[in-house]
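# Architecture and fold: a report
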Amino acid sequence: YTHALQYAAFPLTRHEDEVEGNDDADLALTSLVEGDATLAMTAWAIGGGLTPDEILDIQTTPLPDTTGVPDWMLQTLEFPYSAGFAWMLELAGDPFAPDFAAVDEAFEDPPDSTEQVLHFDKWLNREPPVEVDVIDVAQELGSGWEQVESTPIGEAFIRITLDHFDLEPEVSTDAAAGWGGDRLVVAAGPDDAFALVWVLAWDTPADADAFSSAYASVLERLEFPAQISSLPSGEVVVVHASSAQLVETMLAAVGG
């Protein structure tokens, strides 16, 4: 019911079109939608919509079996509900009697990034993501190559990725914080060849170093060639590819 009301009251379809091709902004918009729905559900339930026994029954309902589902996928699916709800509590206050005025304003002008969902001060200041330029990988590699992905990844998924590789939670959180903006470009070529170039901007050199240090430990666990380097601009570049030669070619192309 809440989702139906959201679409009736706010320009959600337009917002969905606006975030197409931007995975980070899409996850931030989903966090607004699901965070609001979770807040509305909670306010209704504890405000008299359900009896205490009914609430207890829900709380003791077994969770679905997620055996075989990658942890990064589960975290990505959970993020809009957990982080989105936490953000809603910052916006609306007391879950027993939320003030939805600030939530309504957010629906008119949604968050631009998961960074704004995770850090309330950056939402209040509307700190915009840095626009990051990345080379056209397919064009750089020539005939037989085509682009298959080009998108910002964002702070939330960076943290989720680092968690997936078993970094300590505080290390993952610290390495993802200070994100300024990013863009990942992937191209596919002949004989299952692939090349990925991911350029990330950071708020400070210390933030860039924290990410680089954390991601360097990830490289050791990958099953394909990969490198991380710094660019003269201060940005960090990550390259994955199906061969070491492709990695070197891409690093040279971006100046890493």
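Everything in this summary refers to the structure shown in the same document. Since the structure is predicted, the reported quantities are computational estimates derived from the model, not experimental observations. (Residues numbered from 1 in each chain as written. Predicted model: local features only at pLDDT ≥ 70, side-chain atom pairs only at ≥ 80, totals over all residues. Heavy atoms only, no water.)

Under the counting rule described, the total for this entry stands at 8 aromatic pairs. Seen from their ring centres, W87 and W123 are 5.1 Å apart, and the 80° between their planes marks the pair as edge-to-face. Of the two residues, W87 sits in helix α5 (residues 71-92) while W123 sits in helix α8 (residues 120-124), which places them 36 residues apart along the sequence. (Phe/Tyr/Trp six-rings, centres within 6.5 Å; stacked < 30°, edge-to-face > 60°. Helix = DSSP H or I, 4+ residues; strand = E, 2+ residues; numbered from the N terminus.)

This part is about the side chain of Q116. Relative to the helices and strands, Q116 resides in helix α7 (residues 114-118). A distance of 2.8 Å separates a polar atom in the side chain of Q116 from the backbone nitrogen of D112. At 2.9 Å, the side chain of Q116 forms a polar contact with the backbone oxygen of E127. Discounting residues that sit within four places of it in the chain, Q116 has contacts with W87, P111, K122, W123, R126, E127 and P128. (Polar contact = N/O pair within 3.5 Å; in protein donor to acceptor, adjacent residues only side chain to side chain. Contact = heavy atoms within 4.5 Å.)

What follows concerns the sheet that holds strand β3 (residues 194-202). Spatially, 5 strands are ordered β1-β2-β3-β5-β4 in an open sheet, and the strand pairing comes out antiparallel. Among the strands making up the open sheet, the edge pair consists of β1 (146-151) and β4 (226-230). Shown here is a sheet whose adjacent strand axes are inclined to one another by a mean of 15°, direction ignored. Relative to strand β2 (residues 179-188), β1 is paired through 5 bridges, and the arrangement is antiparallel. Looking across to β2, one finds that E146 is bridged to A188. (Pairing = 2+ DSSP bridges. Axes fitted to C-alpha atoms, helices over the stretch in contact; angles between N-to-C directions.)

Time to look at the layout of surface pockets. The computed volume of the largest pocket comes to approximately 410 Å³. What lines the largest pocket is a set of 22 residues, and nearest its centre among them are N22, A25, D112, P129 and E131. Where the lining of the largest pocket is concerned, the elements lending two or more residues are α2 (12-18), α3 (23-49) and β2. With 4 residues, β2 is the single largest residue contributor to the lining of the largest pocket. Considered as a void within the structure, the second largest pocket measures approximately 330 Å³ in volume. (1 Å grid on protein atoms, 1.4 Å probe; cavity = no way out; pocket = protein on both sides within 12 Å on 5 of 7 lines; lining within 4 Å. Points joined across faces, edges and corners; volume = space filled by probe spheres on them.)

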